[in-house]
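# Per-entry structural report
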Amino acid sequence: MNDRISRLLAAAGLAAALPALGQAPAPPGPEALTVRRAAELALERAPHLASTRAAREESDAEASLARDAFHPSAWFTSTPGYTYGLPSTVAGRVPAVAGVEIRQTLYDPARRSGALQAEAAAAGVDAALERACRETVEAAVAAYARCFMDQDRIASARRRVDAAEAIVERVEALTQEGRRTELELERAKLQAARARLKLLNAESDRDLDQLELKRLIGWPGSSPLILAGDPDGVIPELQAAENLAATRAADPELSSLGREVELLRRSVKLESKRFGPIIEAAAQYQRLAKFNDYDKYYLTFTPDNVSIGVTIGIPLWTGGRYGDGVRRARARLEHAEAQLRSRESDLEITVRRAEAAVARSIAEKSLSRRSQGIAEQDLSTLQLLVREGRSELSDLDERELALADADEEAARAELGSVLERVRLLALRGDLSRALLGFDPPCAAP
């Protein structure tokens, strides 16, 4: 007996010493996901944002390339070659051992117009990226809210199944006693089957909503989602009345269209200059070789050749390119101006509808909560009557079904209220600020 006790004590001491000997600690539990964390992860990992960022980078590069046409460029050249007779050029340059050329376009209406048009296109892509970031945050918060409310829907569906199955058991027992008909039993079974179907639908919706949320935030598909925080308490109530003015001031597409119209007007003005000169400056140094017999033709020949000059060219006719360029620039301007007017009109309609939807959802939420409270009070009163023997159990099951319906209605109304508030906050440009405390940059993850 003493040996057995000694072995047990030794085993216990060894188990206590294992952590000190470097035993790996237990793996941490799954991370609890908040609404704010979901928004942050969506901005970092949402799949479609990567393509939008790449498109924006490409557009910025194209605009920079168009502007670079007016920056100086330097070239190192070498033109090995030989001419017989009168010295001439080879591939546009005289034969030389080495050379350095510096060129810069000082004025070119066509190139300047192209740079303005490229900058206008980049402004539209910037707006697309900003809009994609807002839509990503809105989608992540909406998916989080649906996942959170799915829990209440599943709980109410299970309560409905329990009540319906209890009714089936009671009606079946009464049928065997001859106090209920087969039709009443079939009706109770149908009610239970519908309750089970609603439970399956709620569980299926939860799985799909969780899959969508995981895709948006880059969450591993096998990791569980633990939602920490009711989104209804995180999304603030809207008190501001100037929703339209705030939306217009924060709308990225409206701002980019205004910038685009301004740039395209300048482009049209440049394209309309029929005889605008093209001015280019260049400086060149070449080290010439004597084996081309330059000294036989030039009395003051020196191997060091330096030239500096400015070229001024005025187009006389351009084969139709001038008229086509003007027509294209004006068409782009008219298209941008029409988009601007359309966006201003669409924003007003969208904001008014969002305001009406928020007001309607708040009213529905209030009514559903009153209905839920009445159903809970009705159930509690009936439970007291059943305990006192003044009511039947069948009435209690019906009240359970009514409470389950009220709970589901309240969950749907609360979800609708959250989604409508999220939508209006996103239109105002305040959603990210309300969740994160600042407007996150969208240019880079």
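Attention in this report is confined to the structure presented alongside it. Since this is a predicted model, take the numbers as computed values, not measurements. (Residues numbered from 1 in each chain as written. Predicted model: local features only at pLDDT ≥ 70, side-chain atom pairs only at ≥ 80, totals over all residues. Heavy atoms only, no water.)

The next thing to look at is the nonpolar core. Core analysis: the largest hydrophobic core is formed by 36 residues, its most contacted members being L33, L213, I217, I235, L431 and L435. Those elements that provide at least two residues to this core are helix 2 (35–45), helix 4 (109–176), helix 5 (182–217), helix 11 (393–428) and helix 12 (431–436). Not counting residues within four places of it along the chain, the set of residues in contact with L33 comprises A38, L41, Y144, L213, I217, W219, L225, I226, L227 and A228. Membership of the second largest hydrophobic core comes to 15 residues, among which are A157, I167, V171 and A188. (Core = buried A, V, L, I, M, F, W, Y, C linked by side-chain atoms within 4.5 Å. Buried < 20%, exposed > 50% of the residue type's maximum accessible area, 1.4 Å probe, protein only. Helix = DSSP H or I, 4+ residues; strand = E, 2+ residues; numbered from the N terminus. Contact = heavy atoms within 4.5 Å.)

By the definition in use, this model includes 37 salt bridges. A salt bridge links E138 to R423; its shortest N-O distance comes to 3.6 Å. With E138 in helix 4 and R423 in helix 11, the pair connects residues that are 285 residues apart, well separated along the chain. Overall, the relative accessible area of 16% leaves E138 in the buried class. (Salt bridge = Lys/Arg side-chain N within 4 Å of Asp/Glu carboxyl O.)

With respect to topology, four strands assemble into an open sheet ordered 2-3-5-6, the strand pairing being antiparallel. Looking at the sheet topology across the chains shown, the edges are occupied by strand 2 (73–79) and strand 6 (304–313). The average angle at which neighbouring strand axes cross in this sheet is 15°, direction not considered. Taken together, the 10 bridges between strand 5 (residues 278–288) and strand 6 define a ladder with antiparallel strand orientation. Looking across to strand 6, one finds that A282 is bridged to G309. (Pairing = 2+ DSSP bridges. Axes fitted to C-alpha atoms, helices over the stretch in contact; angles between N-to-C directions.)

All told, the structure shown has zero aromatic pairs when counted by the stated rule. When the ring centre of F70 is taken as reference, the NZ or CZ atom of R112 above it lies at 3.9 Å. (Phe/Tyr/Trp six-rings, centres within 6.5 Å; stacked < 30°, edge-to-face > 60°. Lys NZ or Arg CZ within 6 Å of the ring centre and 35° of its normal.)

Running from amino to carboxyl end, helix 2 crosses helix 4 at an angle of 140°, the nearest separation of the two axes being 9 Å. For the element pair helix 2 / helix 4, the angle class is oblique. Note on packing geometry: the crossing formed by helix 2 with helix 4 is right-handed. Contacts between helix 2 and helix 4 involve V35, A38, A39, A42 and L43 from the former and C133, T136, V137, A140, V141 and Y144 from the latter. (Parallel < 35°, antiparallel > 145°, perpendicular 65-115°, else oblique. Left-handed = near helix turned anticlockwise from the far one by under 90°.)

Before going further, it helps to spend a moment on helix 5. Look at helix 5: 53 Å from first C-alpha to last across 36 residues, which is about the 52 Å you get at 1.5 Å a residue. Every buried residue of helix 5 is accounted for by L185, A188, A192, A195, L199, A202, D209, L213, K214, L216 and I217. Taken together, the buried residues of helix 5 touch strand 1 (32–33), helix 2, helix 4 and strand 4 (226–227). One or two steps after helix 5, the chain reaches G218, where phi turns positive at roughly 65°. (Expected span 1.5 Å × (residues − 1).)

Our focus in this paragraph is helix 7 (residues 243–250). Those residues of helix 7 that fall on the buried side of the exposure criterion are N243, L244 and T247. Seen along its axis, helix 7 keeps its buried residues to an arc of 95°; they face one direction. (Arc of directions from axis to C-beta.)

Its boundaries defined by the atoms lining it, the largest pocket holds a volume of some 400 Å³. Residue lining of the largest pocket: 18 residues in total, with D108, A110, E271, T318 and Y322 positioned closest to the centre. Secondary structure elements with two or more residues in the lining of the largest pocket: helix 4, helix 8 (252–271) and helix 10 (321–387). Across the lining of the largest pocket, the residue classes tally to six nonpolar, six polar and six charged. (1 Å grid on protein atoms, 1.4 Å probe; cavity = no way out; pocket = protein on both sides within 12 Å on 5 of 7 lines; lining within 4 Å. Points joined across faces, edges and corners; volume = space filled by probe spheres on them. Nonpolar A, V, L, I, M, F, W, Y, C, P; charged D, E, K, R; others polar.)

The next subject is the side chain of Q117. Of note, Q117 is situated in helix 4. Setting aside residues no more than four positions away along its own chain, Q117 makes contact with L264, S267, E271, R328, A329 and R332.

In this section: a nonpolar patch on the surface. On the surface, F76, V100, I102, Y285, V306 and I308 cluster together into a nonpolar patch covering about 630 Å² of accessible area. Those elements giving two or more residues to the nonpolar patch turn out to be strand 3 (96–107) and strand 6. Owing to a relative accessible area of 59%, V306 belongs among the exposed residues under this scheme. (Patch = residues over 30% accessible without salt bridge, like charges linked within 9 Å, V, L, I, M, F, W, Y side chains within 5 Å. Areas by Shrake-Rupley, 256 points an atom, 1.4 Å probe, with all protein chains shown as cover.)

Moving on to the environment of R328. Along the chain, R328 turns up in helix 10. The partly exposed category is assigned to R328, whose relative accessible area is 44%. Discounting chain neighbours no more than four positions away, the residues touching R328 are Q117 and E271.

Looking now at the packing of helix 4 against helix 8. Relative orientation of the contacting elements helix 4 and helix 8 amounts to 175°, with a least axis distance of 8 Å. Here helix 8 runs roughly antiparallel to helix 4, going by the angle between their axes. Grouping the amino acids of the contact of helix 4 with helix 8 by side-chain chemistry returns nine nonpolar, five polar and 10 charged.

Keep in mind these numbers describe shape, not what the thing actually does.
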